[in-house]
Amino acid sequence: MSLKGKVALVTGSTSGIGLGIARAFAADGADIMMNGFGDPVAIESLRAGLAAEFGVRVLHDGADVSKAAPIAAMVARTEAELDRLDILVNNAGIQHVAPIADFPPDRWDAIIAINLSSAFHATQRAIRGMKSRKWGRIINIASAHGLVGSAEKSAYVAAKHGILGLTKVTALELANDGITCNAICPGWVLTPLVQKQLDARAEREGRTVAEVTHTFLTDKQPMAAFSTPEGIGALALFLCSDAAATMTGSPYSIDGGWTAQ
Ligand code: NAD
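Residues numbered from 1 in each chain as written. Predicted model: local features only at pLDDT ≥ 70, side-chain atom pairs only at ≥ 80, totals over all residues. Heavy atoms only, no water.

Following both chains from N to C, one finds helix H6 (residues 192-205) and helix H7 (residues 209-220) inclined at 115 degrees, their axes separated by 9 Å at the closest point. By the criterion of interaxial angle, the relationship of H6 to H7 is roughly perpendicular. Relative to H7, H6 is oriented so that their crossing is right-handed. Counted together, Val-194, Gln-195, Gln-197, Leu-198, Asp-199, Arg-201, Ala-202 and Glu-205 of H6 and Val-209, Val-212, Thr-213, Thr-215, Phe-216 and Asp-219 of H7 form the full contact between these two elements. Its residues assigned to classes, the contact of H6 with H7 comprises 6 nonpolar, 4 polar and 4 charged. (Axes fitted to C-alpha atoms, helices over the stretch in contact; angles between N-to-C directions. Helix = DSSP H or I, 4+ residues; strand = E, 2+ residues; numbered from the N terminus. Parallel < 35°, antiparallel > 145°, perpendicular 65-115°, else oblique. Left-handed = near helix turned anticlockwise from the far one by under 90°. Contact = heavy atoms within 4.5 Å. Nonpolar A, V, L, I, M, F, W, Y, C, P; charged D, E, K, R; others polar.)

The environment of the ligand is formed by 31 residues, the closest being Thr-14, Ser-15, Asn-91, Tyr-156 and Thr-191. Take Ile-17: an N or O atom from its main chain is 2.8 Å from an oxygen atom of the ligand. Contact between the ligand and Asp-64: a nitrogen atom at 2.9 Å from a side-chain N or O atom of the residue. Against a free-state accessible area of 830 Å², the protein chains account for coverage of 93% of the ligand. If one sorts the elements of the shell around the ligand by residue count, H6 sits on top with 3 residues. By residue class, the composition of the shell around the ligand is 16 nonpolar, 13 polar and 2 charged. Residue assignment places the shell around the ligand across two domains, with domain 1 (7-188 + 227-260) and domain 2 (190-225) each supplying three or more. (Near = heavy atom within 4 Å. Polar contact = N/O pair within 3.5 Å; in protein donor to acceptor, adjacent residues only side chain to side chain. Areas by Shrake-Rupley, 256 points an atom, 1.4 Å probe, with all protein chains shown as cover. Domains from an automatic or database assignment.)

Here the focus is the domain arrangement of the protein. Here the domain parsing of the protein yields domain 1 (7-188 + 227-260) and domain 2 (190-225). On a C-alpha basis, the centres of domain 1 and domain 2 stand 25 Å from each other. On the side of domain 2, 13 residues touch domain 1, which itself brings 17 residues to the contact. In total, about 1100 Å² of surface goes out of reach between domain 1 and domain 2, with carbon and sulfur atoms giving 63% of it. At the junction of domain 1 with domain 2, the criterion picks out 5 residue pairs in polar contact (both at pLDDT 80 or more). When grouped by side-chain class, the residues that make up the side of domain 1 that touches domain 2 number 5 nonpolar, 10 polar and 2 charged. (Buried area = accessible area lost by both parts, 1.4 Å probe.)

Next up on the list: the packing of aromatic side chains. The full count for this structure, using the stated rule, is 2 aromatic pairs. Between the aromatic rings of Trp-188 and Phe-216, the centroid separation amounts to 4.3 Å while the plane-to-plane angle is 35 degrees, which identifies the pairing as tilted. Pair noted here: Trp-188 is in the loop between strand S6 (179-186) and H6 and Phe-216 is in helix H7, with a separation of 28 residues, a long-range link. For the residue pair Trp-188 and Phe-216, the accessibility class agrees, reading buried in each case. (Phe/Tyr/Trp six-rings, centres within 6.5 Å; stacked < 30°, edge-to-face > 60°. Buried < 20%, exposed > 50% of the residue type's maximum accessible area, 1.4 Å probe, protein only.)

In globular proteins that are soluble, nonpolar side chains generally tend to be buried together. With 27 residues, the main nonpolar core has Ile-21, Phe-25, Ile-32, Ile-87, Val-89 and Ile-139 as its most contacted residues. When residues of this core are traced back to their parent elements, those giving at least two are strand S1 (7-10), helix H1 (16-27), strand S2 (31-35), helix H2 (40-54), strand S4 (87-90), strand S5 (136-141) and helix H8 (229-239). Sorting elements by how many residues they give to this core places H1 first, with 6 residues. With residues up to four places along the chain from it excluded, the contact list for Val-89 reads Leu-9, Val-10, Thr-11, Ile-21, Phe-25, Ile-139 and Ile-141. Within the second largest apolar cluster, 22 residues are counted, among which are Val-7, Leu-9, Met-33 and Ala-171. (Core = buried A, V, L, I, M, F, W, Y, C linked by side-chain atoms within 4.5 Å.)

Pairing geometry for S2 and strand S3 (residues 58-61), over 4 bridges, is parallel. Within S3, the position partnered with Asn-35 by the bridge is Asp-61. For the segment spanning S2, H2 and S3, crossover handedness is right-handed. (Pairing = 2+ DSSP bridges. Right-handed = clockwise from strand over helix to strand, strands pointing away.)

Let us look at the pattern of salt bridges. Under the criterion given, the structure shown has 14 salt bridges. The closest approach of N and O atoms between Arg-47 and Glu-44, which form a salt bridge, is 2.8 Å. Within this pair, Arg-47 and its partner Glu-44 are both found in helix H2, separated by 3 residues, close to a single helical turn. Residue classification places Glu-44 among the partly exposed positions, given a relative accessible area of 39%. Across the pair Lys-134 and Asp-177 runs a salt bridge whose closest N-O atoms are separated by 3.4 Å. Taken as a pair, Lys-134 in the loop between helix H4 (105-133) and S5 and Asp-177 in the loop between helix H5 (154-173) and S6 lie far apart in primary sequence, 43 residues in all. Given the relative accessible area of 48%, Lys-134 is considered partly exposed. Exposure remark for Asp-177: the relative accessible area of 16% places this residue in the buried category. (Salt bridge = Lys/Arg side-chain N within 4 Å of Asp/Glu carboxyl O.)

Written out as structure tokens, the structure reads:
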């Protein structure tokens, strides 16, 4: 287990991709600080389940990552209660779909805060300990929308392009501190974030979700298949391995060919 003795903080890990990454890290021996919203009973069951299944320490912190202060407190709590912070995954994210002319300014602000600024605040806090130990891994969950645009997703596409810029600068500044920073750019993954978009399209077109799913996928991806939280977890795990020690500052696509076009 290559991550035994390491501690990982994964933002937005109560659901979807973040949970897939937290599971992959826990299975490889890492202690985990989970983060994210949800029903407290369900979150406690996830936390206790991961700890029991893999024999690692797992805590949950409900920090709202749209704000700097709770992020700083969550990083400090990780270092205090799990002793260190070696791996930071900036994953928490939200979506809102509307043309620019109608895009609610409060949704723009929330998406930039949660999908982009949170990664800056968490990175700023986490790298202090990583530098002192001369080892760290920072993984930013971007998107195919970090590389290409789609109509009606101005805030999301801006935030995801922004996080690729932050990834590059973080990598450059920490290049000789034993710390790497990379981004993962998924295509479609069937999580609550995407399910909402499928449901909205089915309702708009008067069709079933099953009927719209194939078109939804192939509108963007040559491959008519969802990527999975497990696949993204495995890629994140590889980026933490010794084999990936010199991989830094790059986006890694897992997108069914979306951005090959
Ligand atoms: P999801 O809705 O399943 O999970 C989002 C997580 O973020 C949840 O745990 C939620 O509680 C948490 N979260 C939301 N707002 C938060 C806040 N203010 N503070 C703390 N936690 C908060 O979504 P997902 O699809 O797993 O998305 C995870 C990441 O992957 C996002 O950054 C998303 O943009 C990115 N992504 C998703 C897809 C996809 O197809 N699902 C594709 C590319 C990129």
